[in-house]
Amino acid sequence: MTTTEIWKTYANDVKRLIMSKVKDAQVTDDLVQEVFIKVHTKLETVQDERKVKSWLLSVSRNTVLDYFRKSSKETPLEQEETIVSEEDYKHSEKDCLPGIIKNLPKKYRNPLLLSDIKGMKQAEIASQLNLPLATVKSQIQRGRKLIVQGYMDCCDYKLNDKGFLTGEVKDKKQCKVCS
């Protein structure tokens, strides 16, 4: 198959998959383009044409993961010459995350940290923890859901119609987990 044939056959599937993860049309379009650039440059590595779709969807998922890894890295703050007082410190949702993660059951916390913080592949995590891959995948997904629930419990955030957490950052004293 050529890149053009793959595009005509699978572009909508790739776009649907990516949109379900990033929930932003502009980012989705950018990532779809990135996927098909990878497809064009690496297509010769696919030996069996029957495996093109699974390979393509795997490339798509990995591209989405790379996007989230890149966007979650913090940019270094410029060094401030003044000393920040406690009154100047603004409490943010990032401050709640360590407490929420700390309160996760260990069976969810460990695979989630290895996957989302250390960036390990789920198969590597399964091997390291001596667990079936399906179990690790399930634990990571459950851990992510528990983090969302943690924000809802700690800070009274709500899920909107699109599945995103919404709410206002509270004063640290009002948070139930991180205070």
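Please refer to the structure placed before this passage.
Because the structure is predicted, anything quoted here is derived from the model rather than measured.

Cut-offs used in this document
- Residues numbered from 1 in each chain as written.
- Predicted model: local features only at pLDDT ≥ 70, side-chain atom pairs only at ≥ 80, totals over all residues.
- Heavy atoms only, no water.
- Axes fitted to C-alpha atoms, helices over the stretch in contact; angles between N-to-C directions.
- Helix = DSSP H or I, 4+ residues; strand = E, 2+ residues; numbered from the N terminus.
- Parallel < 35°, antiparallel > 145°, perpendicular 65-115°, else oblique.
- Contact = heavy atoms within 4.5 Å.
- Nonpolar A, V, L, I, M, F, W, Y, C, P; charged D, E, K, R; others polar.
- Buried < 20%, exposed > 50% of the residue type's maximum accessible area, 1.4 Å probe, protein only.
- Arc of directions from axis to C-beta.
- Patch = residues over 30% accessible without salt bridge, like charges linked within 9 Å, V, L, I, M, F, W, Y side chains within 5 Å.
- Areas by Shrake-Rupley, 256 points an atom, 1.4 Å probe, with all protein chains shown as cover.
- Salt bridge = Lys/Arg side-chain N within 4 Å of Asp/Glu carboxyl O.
- Lys, Arg positive; Asp, Glu negative; His and termini not counted.
- Charge placed at Lys NZ, Arg CZ, Asp CG, Glu CD.

S.K.: I'd like to hear about the packing of helix α6 (residues 122-129) against helix α7 (residues 133-155), residue by residue, with values.
M.R.: Closest axis-to-axis distance for the α6/α7 pair is 9 Å, and the angle between their directions is 110°. It follows from the interaxial angle that α6 and α7 lie roughly perpendicular. Where α6 approaches α7, its residues Gln-122, Ala-123, Ile-125 and Ala-126 are matched on the opposing element by Leu-133, Val-136, Lys-137 and Ile-140. Counted by class, the contact of α6 with α7 contains six nonpolar, one polar and one charged residues.

S.K.: How would you summarise helix α5 (residues 106-117) if you had to cite specific residues and measurements?
M.R.: One turn of an α-helix holds 3.6 residues; hence residues three or four places apart share an orientation. When α5 is considered as a whole, its buried residues turn out to be Tyr-108, Pro-111, Leu-112, Leu-114 and Ser-115. Angular distribution of buried residues about the axis of α5 spans 165°; they occupy a single face of the element. In this structure, α5 carries Lys-106 and Ile-117 as exposed residues pointing more than 90 degrees from its buried face. Contacts made by the buried residues of α5 are with α6 and α7. Positive phi appears at Gly-119, one or two residues downstream of α5, with a value of about 75°.

S.K.: So what about a positive patch on the surface? Which residues, and what values?
M.R.: A contiguous patch of positive charge on the surface is contributed by Lys-21, Lys-23, Arg-61 and Lys-137. Here Lys-137 lies in helix α7. Residue classification places Lys-137 among the partly exposed positions, given a relative accessible area of 40%.

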